[in-house]
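The primary structure of each chain is shown beneath.
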Amino acid sequence: MRAPTVGRKLYSTVMFVLVSVLGGVLVAGLAVPTAGVGAELAKVGATALQSLPREIETLINAKHENLISVFDIFRSNHRLFIFMGFAANGDISGYMKKHGGINETKLVCKWFLQASRGLAFLHNQLGTCHRDIKPDNILLDANWVAMLSDFGFAKIVVDEEKQRIELSSTFCGTRPYEAPQVLECKPYNGLKADIWSMGVTLFVMLHDTLPFPYKDLKEMLRLIGQWPKSVTDKMRRKVAGEAINLQLAMLNPTEKDRASVNDLVDNEWLKHNAQQQ
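All values derive from a computational prediction rather than experimental measurement.

Describing the overall build of the protein chain
- Scanning the protein chain from N- to C-terminus turns up 10 helices and 11 strands.
- Partitioning the contacts of the protein chain with sequence separation of at least 6, the portion at a separation of at least 24 is 62%.

Quick look at helix α5 (residues 190-207)
- The end-to-end C-alpha distance of α5 is 26 Å, a good match for the 26 Å that 18 residues give at a rise of 1.5 Å each.
- By the criterion of burial, α5 is predominantly enclosed, with 18 of the 18 residues buried.
- Where α5 begins, one side-chain oxygen reaches toward the backbone nitrogen of Leu 191, 2.9 Å away; that side chain belongs to Asn 189.
- Just downstream of α5, Asp 208 is the residue with a positive phi angle, here 55°.

Focus: the packing of helix α3 (residues 105-125) against helix α10 (residues 268-276)
- Taken N-terminus to C-terminus, the directions of α3 and α10 make an angle of 115°; their axes are 7 Å apart at the nearest point. Taken together, the axis directions place α3 and α10 in an arrangement best described as roughly perpendicular. The two elements α3 and α10 meet at a crossing, and its hand is left-handed. Every residue of α10 that contacts α3 at Thr 105, Lys 106, Cys 109, Lys 110, Phe 112 and Leu 113 is listed here: Trp 269, Leu 270, Lys 271, Asn 273, Ala 274 and Gln 276.
- Looking at the contact of α3 with α10 residue by residue, the class counts come to six nonpolar, three polar and three charged.

Considering the side chain of Glu 255
- Counting through the fold element by element, Glu 255 comes out in the loop between α8 (241-250) and α9 (261-265).
- No salt bridge is formed by the buried Glu 255, whose closest oppositely charged neighbour, Arg 258, lies at an N-O distance of 4.7 Å.
- Here Glu 255 is in contact with Gln 181, Tyr 188, Asn 189 and Lys 192, once residues within four sequence places are set aside.

A word on the packing of α5 against α8
- Axis separation between α5 and α8 bottoms out at 8 Å; the angle between their running directions is 140°. For the element pair α5 and α8, the recorded crossing hand is left-handed. Facing Ile 195, Trp 196, Met 198, Gly 199, Leu 202, Phe 203, Leu 206 and His 207 of α5, the residues of α8 in contact are Leu 246, Gln 247 and Met 250.
- Split by residue class, the contact of α5 with α8 holds eight nonpolar, three polar and no charged.

Details of the pattern of salt bridges
- Taken as a whole and judged by the stated rule, the model has six salt bridges.
- With a closest N to O distance of 3.4 Å, Glu 184 and Lys 186 form a salt bridge.
- A salt bridge links Asp 233 to Lys 229; the shortest N-O distance between them is 2.7 Å.
- Given a relative accessible area of 49%, Asp 233 falls into the partly exposed group.
- You can call Lys 229 exposed: its relative accessible area is 54%.

Section: the packing of aromatic side chains
- Per the stated rule, a full pass over the model turns up five aromatic pairs.
- Plain terms: the ring middles of Tyr 95 and Trp 144 are 6.1 Å apart, the flat faces sit at 75° to each other, and that makes the pair edge-to-face. Linking Tyr 95 in helix α2 (residues 92-99) with Trp 144 in the loop between β7 (138-140) and β8 (146-148), this pair joins segments that are 49 residues apart in sequence.
- Note on Tyr 95: relative accessible area 18%, which makes it buried.
- Here the aromatic rings of Phe 171 and Tyr 188 are separated by 6.0 Å at their centres, their planes lie at 40°, and the arrangement is tilted. Here Phe 171, found in the loop between β11 (164-165) and α4 (180-183), pairs with Tyr 188, found in the loop between α4 and α5; they are 17 residues apart in sequence, far enough to count as distant. For the pair Phe 171 and Tyr 188, one class covers both residues: buried.

Here's the deal with the nonpolar core
- Membership of the largest hydrophobic core comes to 71 residues, with the highest contact counts inside it found for Ile 102, Trp 111 and Met 250.
- If we ignore the near neighbours within four places in the chain, the residues touching Trp 111 are Ile 92, Tyr 95, Ile 102, Leu 140, Trp 144, Ala 146 and Met 205.

Focus: the confidence of the model for the protein chain
- For the protein chain, the average pLDDT comes to 84, and 77% of its residues sit at 70 or higher.
- Throughout residues 1-6 the model reports pLDDT below 50, and contacts reaching past four residues in sequence, or to other chains, amount to 13 contacts.
- Confidence drops under a pLDDT of 50 for residues 18-25, and excluding neighbours within four residues, the segment shows eight contacts in the predicted structure.

Criteria and cut-off values
Residues numbered from 1 in each chain as written. Predicted model: local features only at pLDDT ≥ 70, side-chain atom pairs only at ≥ 80, totals over all residues. Heavy atoms only, no water. Helix = DSSP H or I, 4+ residues; strand = E, 2+ residues; numbered from the N terminus. Contact = heavy atoms within 4.5 Å. Expected span 1.5 Å × (residues − 1). Buried < 20%, exposed > 50% of the residue type's maximum accessible area, 1.4 Å probe, protein only. Polar contact = N/O pair within 3.5 Å; in protein donor to acceptor, adjacent residues only side chain to side chain. Axes fitted to C-alpha atoms, helices over the stretch in contact; angles between N-to-C directions. Parallel < 35°, antiparallel > 145°, perpendicular 65-115°, else oblique. Left-handed = near helix turned anticlockwise from the far one by under 90°. Nonpolar A, V, L, I, M, F, W, Y, C, P; charged D, E, K, R; others polar. Lys, Arg positive; Asp, Glu negative; His and termini not counted. Salt bridge = Lys/Arg side-chain N within 4 Å of Asp/Glu carboxyl O. Phe/Tyr/Trp six-rings, centres within 6.5 Å; stacked < 30°, edge-to-face > 60°. Core = buried A, V, L, I, M, F, W, Y, C linked by side-chain atoms within 4.5 Å. pLDDT = per-residue confidence, 0-100.

The following block contains the structure:
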């Protein structure tokens, strides 16, 4: 019997599975195509298949309250199947569509800080970048705790032996959330690209709009080049100066000057508001 579909993403289908182990574990099966979906994604799929054993071990061992649990990953018929924990309350994108945005700044901070802590574990403990962060990939469990999910494009980029970060040259993700280096198809620091995606995500959660138009790539890059004014001009919600500075730090187009994940989890504005929620 075919598992019921509970959601669809840009590159994948989410199915619900009930695994009866010690009373039952709710599992979501994510099917990611690796062929027949265009040259760019086919390249991503080929890269994913080559590095699959290392990524499988890393992600299955990634145990953190703000990372969705990954139980298994395997490949079959040109697809990656990722079996992960089921999030009863959907994702942040779905929440925003249902409620017309996130009205409480404190709730934005709570969920964003939780997702940032999950990302900090991914970056700092596992040396891994996500490469497709967006509101659709931040899930909400039965207790409304935010968890980073969908690791189909994740890649280990920290070379501990050489003590350096390996630049990525696979240009994946979702265009509105992609860093300028990815958009320009230049080798990029995957950790810093994640921070850009987090910056766009926070902007969307706060202002219910994207910071840059994305349908015209040339225009998108032109506006990114007008940072910081192009960012502040699009802000709709009145927030403290610390919040403005945080968004600008994450959306700094100069990769080396962009914020780090530690800047997010240590941010006093985020922590103060999250505690009040």
